[in-house]
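Working through the structure, step by step
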Amino acid sequence: MRSTISEQTKLDKKNQFSLWAYNQLLVFFCLVGLGLSLYSYTVELAMEGNKNYKPYCDISPHMSCTKAFGSSYGKGLGIFGENSIFNKPNSFFGIVFYSMVATLSLVNSPITVTASLVLIISSNFASLYFMYVLYFILKDLCLVCIGTYIVNVTNLLLITSKFKKIREINRTELKRQKSNLKKKPE
Ligand SMILES: C/C(=C\C[C@@]12O[C@]1(C)C(=O)c1ccccc1C2=O)CCC[C@H](C)CCC[C@H](C)CCCC(C)C
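The structure displayed is predicted, hence computed values, not measured ones.

**Things to note about the site of the ligand**
The full set close to the ligand counts 20 residues, and Ala68, Asn90, Phe130, Cys145 and Tyr149 are the nearest of them. Separating an oxygen atom of the ligand from a side-chain N or O atom of Asn90 is a distance of 3.1 Å. A distance of 2.5 Å separates an oxygen atom of the ligand from a polar side-chain atom of Tyr149. Contact with the protein chains removes 90% of the 770 Å² of surface that the ligand exposes when unbound. Put simply, the parts of the chain that give the shell around the ligand at least two residues each are α1 (2–49), α2 (65–70), α3 (90–104), α4 (110–137) and α5 (143–183). For the shell around the ligand, the per-class residue count stands at 10 nonpolar, 10 polar and no charged.

This is how it looks when you write it as structure tokens:
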């Protein structure tokens, strides 16, 4: 009996450690996404003031970030029109999005995990759409944009693993409570 208890606490410790590790990695990749978004935002502001501005992310005519940011798809996620309050640079949504997911990543409750799962899945749909626009319409290789696609799939892998882990922890916890109830009914 004693050995099963220590086996359980060992398992609990292991599960808590993987949860902690997933959270650290999620926060790390959100900070990378936040950095890319902040950088893009400063580039977009500079572009508005100066048409000849050449940022570091403009490497060649076919590897240009200003081509993507300055296109009609670069504002309001390419869907909100001129007069909409959402007609902000895409990177603005990136800043809000990555800050939100980073904050949600610090909590292990089922609600926050589900919320970040939904947000991260949406961001991957956004990635697919922007990938299509970048490659087939603008025929451009915007490295900052590609960086955000990589961050978004990595976040998807991490959040699904975290989601599964939390479900597993809840399942074993429930089983334990049931077996404890059978063994010593009060
Ligand atoms: C670098 C960045 C945005 C710039 C941008 O790089 C993008 C996206 C891109 O691929 C692209 C292609 C073609 C033309 C323009 C562009 C871009 O300009 C920030 C990440 C944005 C992130 C992909 C947005 C996630 C949006 C969520 C789905 C929104 C959730 C809403 C929240 C506010 C709650």
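**What to know about the packing of α3 against α5**
Two numbers describe how α3 lies on α5: the axes approach to 13 Å, and their chain directions differ by 25 degrees. As far as their axial angle goes, α5 and α3 are roughly parallel. In this structure, the crossing between α3 and α5 has a hand that is left-handed. In this structure, α3 uses Phe97, Tyr98 and Leu104 to contact α5, whose residues at the interface are Thr148, Val151, Asn152, Asn155 and Lys162. In terms of residue class, the contact of α3 with α5 is built from four nonpolar, three polar and one charged.

Reading the values: the criteria
- Residues numbered from 1 in each chain as written.
- Predicted model: local features only at pLDDT ≥ 70, side-chain atom pairs only at ≥ 80, totals over all residues.
- Heavy atoms only, no water.
- Near = heavy atom within 4 Å.
- Polar contact = N/O pair within 3.5 Å; in protein donor to acceptor, adjacent residues only side chain to side chain.
- Areas by Shrake-Rupley, 256 points an atom, 1.4 Å probe, with all protein chains shown as cover.
- Helix = DSSP H or I, 4+ residues; strand = E, 2+ residues; numbered from the N terminus.
- Nonpolar A, V, L, I, M, F, W, Y, C, P; charged D, E, K, R; others polar.
- Axes fitted to C-alpha atoms, helices over the stretch in contact; angles between N-to-C directions.
- Parallel < 35°, antiparallel > 145°, perpendicular 65-115°, else oblique.
- Left-handed = near helix turned anticlockwise from the far one by under 90°.
- Contact = heavy atoms within 4.5 Å.

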